[in-house]
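Chain residues, written in single-letter form:
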Amino acid sequence: PIYFSLTSRSEKNKRVTIMKYKRLMAEMLVKGITKDDLGELLGKSRSTINTRFSGKSDFTLSEALKIMHSYFEDYSSDYIFSMGEYKEQESIGQY
């Protein structure tokens, strides 16, 4: 994994967030899925989707399930939404 040199506490939290959706973002890129596609699927604005990816808010369980069912049926939710080295789960929980 690539780590950034960060100094403030808020920046460290941001690094964790970036790691959290790394796999989702990578798999979206492979499949050609855009943030606009996610917004349309979830009925959310691009701004709201950006908020999810920036870590200001998390995907809800319902949103995560829609994403999995629509785009990633062949993958486990643990893989797509895992935090990699960070084992804590937040809003989407374990399912």
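Quick summary incoming for the structure in this document. (Residues numbered from 1 in each chain as written. Predicted model: local features only at pLDDT ≥ 70, side-chain atom pairs only at ≥ 80, totals over all residues. Heavy atoms only, no water.)

On to the overall build of the protein chain. When its secondary structure is counted, the protein chain shows 6 helices and 0 strands. Moving toward the C terminus, one meets the helices and strands of the protein chain in the order α-α-α-α-α-α. For the protein chain, with 95 residues in total, the buried portion stands at 28%. Long-range pairs, those at least 24 residues apart, make up 59% of the contacts in the protein chain with a sequence separation of at least 6. (Helix = DSSP H or I, 4+ residues; strand = E, 2+ residues; numbered from the N terminus. Buried < 20%, exposed > 50% of the residue type's maximum accessible area, 1.4 Å probe, protein only. Contact = heavy atoms within 4.5 Å.)

A separate point is the packing of helix α3 (residues 35–42) against helix α4 (residues 46–54). The relative placement of two packed helices is expressed as an angle between their axes plus a distance between the axes. Interaxial distance between α3 and α4 falls to 9 Å at its minimum, and their mutual angle equals 110°. With respect to α4, the element α3 is oriented roughly perpendicular. Within the contact between the two elements, α3 uses K35, D36, L38, G39 and L42 and α4 uses R46, I49, N50 and F53. Split into classes, the residues belonging to the contact of α3 with α4 amount to 4 nonpolar, 2 polar and 3 charged. (Axes fitted to C-alpha atoms, helices over the stretch in contact; angles between N-to-C directions. Parallel < 35°, antiparallel > 145°, perpendicular 65-115°, else oblique. Nonpolar A, V, L, I, M, F, W, Y, C, P; charged D, E, K, R; others polar.)

Attention shifts here to the environment of S77. By secondary structure assignment, the location of S77 is in helix α6 (residues 77–81). For S77, a relative accessible area of 14% corresponds to the buried category. Each C-alpha atom, one on S77 and one on L24, is 9.7 Å from the other, the two residues being 53 residues apart in sequence.

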